[in-house]
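Fold and contact review
Now for the letters of each chain:
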Amino acid sequence: MTDYDIDSLLNQSGKYPTNDKLLSKIAFYYMENPDGNKDLEYLEKAYQINSSIENTHNLAYHLMYEYGDEKRSLSLQKQVLEQQPLSYYPYASYAQMLQSTMVFASDSTTFKSSWQAWEYIRCLKIAIDKFSAAPVKYQQRHFIHVIQMYNNLAYAYKVLKDNKTASDYLAQCLQLQQGMTTENWSQLEYQALFEEEVNKVQLNMARILIASNYMQQAKQVLDTIVANQDYDKLDVATEYARLGEYQLVRSMIGNEVPDESWDWIWYAIYQADYNKWLKTRKSLLEEETTQIEESLVAVKQRFLEGDLDAYTSESEIIEESKQTIKAVSFMLRKNTHPLPKKCYEPDFDNSFHGCLLFGCPIHGNLVDDTSVAVILNFN
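Residues numbered from 1 in each chain as written. Predicted model: local features only at pLDDT ≥ 70, side-chain atom pairs only at ≥ 80, totals over all residues. Heavy atoms only, no water.

1. Section: the pattern of salt bridges
Convention followed: Basic side-chain nitrogens of Lys or Arg form a salt bridge, by our definition, when they fall within 4 Å of a carboxyl oxygen of Asp or Glu. Put simply, DSSP H or I for four residues or longer makes a helix, DSSP E for two residues or longer makes a strand, and each gets a number counted from the N terminus. Exposure is judged per residue with a 1.4 Å probe applied to protein chains only, and the accessible area is read against the type maximum: over 50% gives exposed, under 20% gives buried, and values in between give partly exposed.
Tallied over the full model, the rule gives 14 salt bridges. The salt bridge partner of Glu-256 is Lys-233, with a shortest N-O separation of 3.0 Å. Residue Glu-256 is found in the loop between helix H15 (246–253) and helix H16 (263–272), and its partner Lys-233 is found in helix H14 (residues 233–242); the two are separated by 23 residues along the sequence. When its relative accessible area of 30% is taken as the criterion, Lys-233 is described as partly exposed. One continuous salt-bridge network, built from bridges that share partners, spans Arg-207, Glu-239, Arg-242 and Asp-349.

The following block contains the structure:
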């Protein structure tokens, strides 16, 4: 939490209404202590007084991720890039904004255009170069950002179906992590989040190796993740299942009963332990049938009460149960579990950088874009 005295800040802003840095401080206070849209109000005031790199960037970033104003955010961020910023924040943020505007479907993820794809890649490459030019102490503290940027570069090439280039960037990313010194680790903020990002990169590498039919190498990567003992069991089990390691998956899952979305895991259980598969399928069928009966009563009551939101929600639950019953009934009738899709999208976890607001007092961010300020604050 910041220790800003909001009454004092507001009094000062009354005396110095054109002090944009003061207005930014007030905006940060209201980000932590929401009061309507005063956070946005003061960011806007700071921008209108001085459309600097910092003010324009912060307004664009906050509009995008707190207010969902995609169109204006992108327009403002373009204005920032036209000023040729020295730091990596604006480039990484613009790439992240483009990522947020990609086309997402149930089985695919694509860029809206080839221009969007290459602009995304261009900005990430510039951001990596800018990060590498930052003072060493800053890099050590925020090393997670360069890991995320390399991961997102790989993500872009994966979407473009260039698995070779994607795997090359993931390899560079892992080499950076492996080259970290004891001092790097001691300086690093949010170490748990950093380790999660590294696991994400490793899992992405395994997925690309599987997609490229390098099964043995993929297994080695998965074994490395498991050896570290801190990983998402269901995600890793899914990739082992895609490799055909069905008994291993069965052992990893134990008595856990994953939901229906983990289709590869259920296929592995079917292959490795038919009795468990049969028992859980029958149990699921009973549960979903009971769910529909209960939901039908609830949805009727919501309709009579005129609660349309709850009525819609209950109706969606009924439809989901119907689809599950249909799929499971088919499996039991045929006494089989169909092979899931071997290639599916999206099968690559991209990264979100978190807060990249200039001057954010909570996250120890860069105060401003000038190289002198960067060096003074982090050397």
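Now, onward.
2. Considerations on the side chain of Thr-280
The following threshold applies: Think of a polar contact as two N or O atoms within 3.5 Å of one another; within protein, one of them needs to be a possible hydrogen donor and the other a possible acceptor, and neighboring residues in sequence only count if both atoms come from side chains.
Along the polypeptide, Thr-280 turns up in helix H17 (residues 274–305). A relative accessible area of 14% means that Thr-280 is categorised as buried. Reaching out from Thr-280, the side chain makes a polar contact with the backbone oxygen of Trp-277 at a distance of 3.0 Å.

3. Quick notes on the environment of Glu-256
Put simply, the test is: Contacts are residue-level and defined by heavy atoms, with any inter-residue pair within 4.5 Å sufficient.
According to the relative accessible area criterion, Glu-256 is partly exposed, its value standing at 30%. With sequence-adjacent residues up to four places away left out, Glu-256 is seen in contact with Lys-233, Leu-234 and Lys-276. In this structure the side chain of Glu-256 is engaged in a polar contact, spanning 3.0 Å, whose partner is the side chain of Lys-233.

4. A few points about the layout of surface pockets
Selection rule: Using only the protein atoms, space was sampled on a 1 Å grid; points where a 1.4 Å probe fits but cannot get out form cavities, open sets with protein on both sides within 12 Å along at least five of seven lines form pockets, and lining residues are those with an atom within 4 Å of a point. Grid points are joined across faces, edges and corners, and a volume is the space filled by probe spheres set on the points. For this scheme, ten residues count as nonpolar: Ala, Val, Leu, Ile, Met, Phe, Trp, Tyr, Cys and Pro. Four count as charged, namely Asp, Glu, Lys and Arg, and the remainder, Gly too, count as polar.
Here the second largest pocket defines a volume of roughly 480 Å³. Taken together, 28 residues make up the lining of the second largest pocket; nearest its centre are Ile-144, Gln-148, Leu-193, Glu-196 and Glu-197. Going through the elements one at a time, helix H9 (143–159), helix H12 (191–211) and H14 are the ones with two or more residues in the lining of the second largest pocket. Top contributing element to the lining of the second largest pocket by residue count: H12, with eight residues. Each residue belonging to the lining of the second largest pocket can be placed in one class, and the counts come to 10 nonpolar, eight polar and 10 charged.

5. Quick word on the packing of aromatic side chains
Stated formally: Each pair of aromatic rings taken from Phe, Tyr and Trp, with Trp reduced to its six-membered ring, is defined by centres within 6.5 Å and is described as stacked if the planes are under 30 degrees apart, edge-to-face if over 60, and tilted in the remaining cases. Criterion for a charge above a ring: Lys NZ or Arg CZ within 6 Å of the ring centre, and within 35 degrees of the ring normal.
By the definition in use, this model includes 22 aromatic pairs. Positioned above the aromatic ring of Tyr-42 is the side chain of Lys-45, whose terminal nitrogen or guanidinium carbon lies 4.6 Å from the ring centre. A cation over an aromatic ring shows up here: Arg-281 above the ring of Trp-266, its NZ or CZ 4.1 Å from the ring centre.

6. Some remarks on the packing of helix H3 (residues 38–49) against helix H4 (residues 53–67)
What counts is decided by this rule: Convention adopted: a line fitted to C-alpha atoms gives each axis, helices being fitted over their contacting stretch, and angles between N-to-C directions are expressed from 0 to 180 degrees. Here is the rule for angles: anything less than 35 degrees is roughly parallel, anything more than 145 is roughly antiparallel, 65 through 115 is roughly perpendicular, and the remaining ranges are oblique. Each crossing is labelled by how the near helix is turned from the far one, with a counterclockwise turn of less than a right angle marking it left-handed and a clockwise turn marking it right-handed.
Where H3 meets H4, the axes come as close as 9 Å, and the angle between the chain directions of the two elements is 155°. On the basis of their axis angle, the class for H3 and H4 is roughly antiparallel. For the element pair H3 and H4, the recorded crossing hand is left-handed. Of the residues in H4, those in contact with Asp-39, Leu-40, Leu-43, Glu-44, Ala-46 and Tyr-47 of H3 are Asn-55, Thr-56, Asn-58, Leu-59, His-62, Leu-63 and Tyr-67. Along the lines of polarity and charge, the residues of the contact of H3 with H4 split into seven nonpolar, four polar and two charged.

7. Brief notes about the packing of helix H13 (residues 215–227) against H14
At a closest axis distance of 11 Å, the pairing of H13 and H14 adopts a crossing angle of 155°. With respect to H14, the axis of H13 lies roughly antiparallel. Pair H13 / H14 crosses with left-handed handedness. Mapping the contact onto sequence places Lys-219, Leu-222, Asp-223, Ile-225 and Val-226 in H13 and Val-236, Glu-239 and Tyr-240 in H14.

8. Thoughts on unusual backbone geometry
The phi dihedral of Lys-161 falls on the positive side, at around 65°, and the residue is not glycine. By the element assignment, Lys-161 lies in the loop between H9 and helix H10 (163–178). A relative accessible area of 66% means that Lys-161 is categorised as exposed. Positive phi is not limited to glycine here, since Asn-335 has a value of about 55°. Among the secondary structure elements, Asn-335 is positioned in the loop between helix H18 (308–334) and helix H19 (371–378). Assessed through its relative accessible area of 39%, Asn-335 is described here as partly exposed.

9. Focus on the nonpolar core
Across soluble globular proteins, nonpolar side chains show a tendency to be buried alongside one another. Here is the rule: Residues grouped as a nonpolar core are buried Ala, Val, Leu, Ile, Met, Phe, Trp, Tyr and Cys residues, joined through side-chain atoms within 4.5 Å.
Judged by nonpolar contacts, the single largest core of 102 residues is most densely connected at Tyr-120 and Met-149. Looking at which element gives the most residues to this core, the answer is H9, with 12 residues. Sequence-distant contacts of Met-149, defined by excluding residues within four places in its chain, comprise Tyr-88, Ala-92, Leu-124, Ala-127, Ile-128, Phe-131 and His-353.

10. A word on the state of the cysteines
Linking two cysteines covalently via their sulfur atoms produces the bond known as a disulfide. We count it as follows: Whenever a pair of cysteine sulfur atoms sits within 2.5 Å, that pair is classed as a disulfide.
One pass over the structure, following the stated rule, counts zero disulfides. No disulfide involves Cys-173; its sulfur sits 19 Å from that of Cys-123, the nearest cysteine. With no disulfide of its own, Cys-355 lies closest to Cys-360 among cysteine sulfurs, the gap being 3.8 Å. With a relative accessible area of 18%, Cys-355 lands in the buried category.

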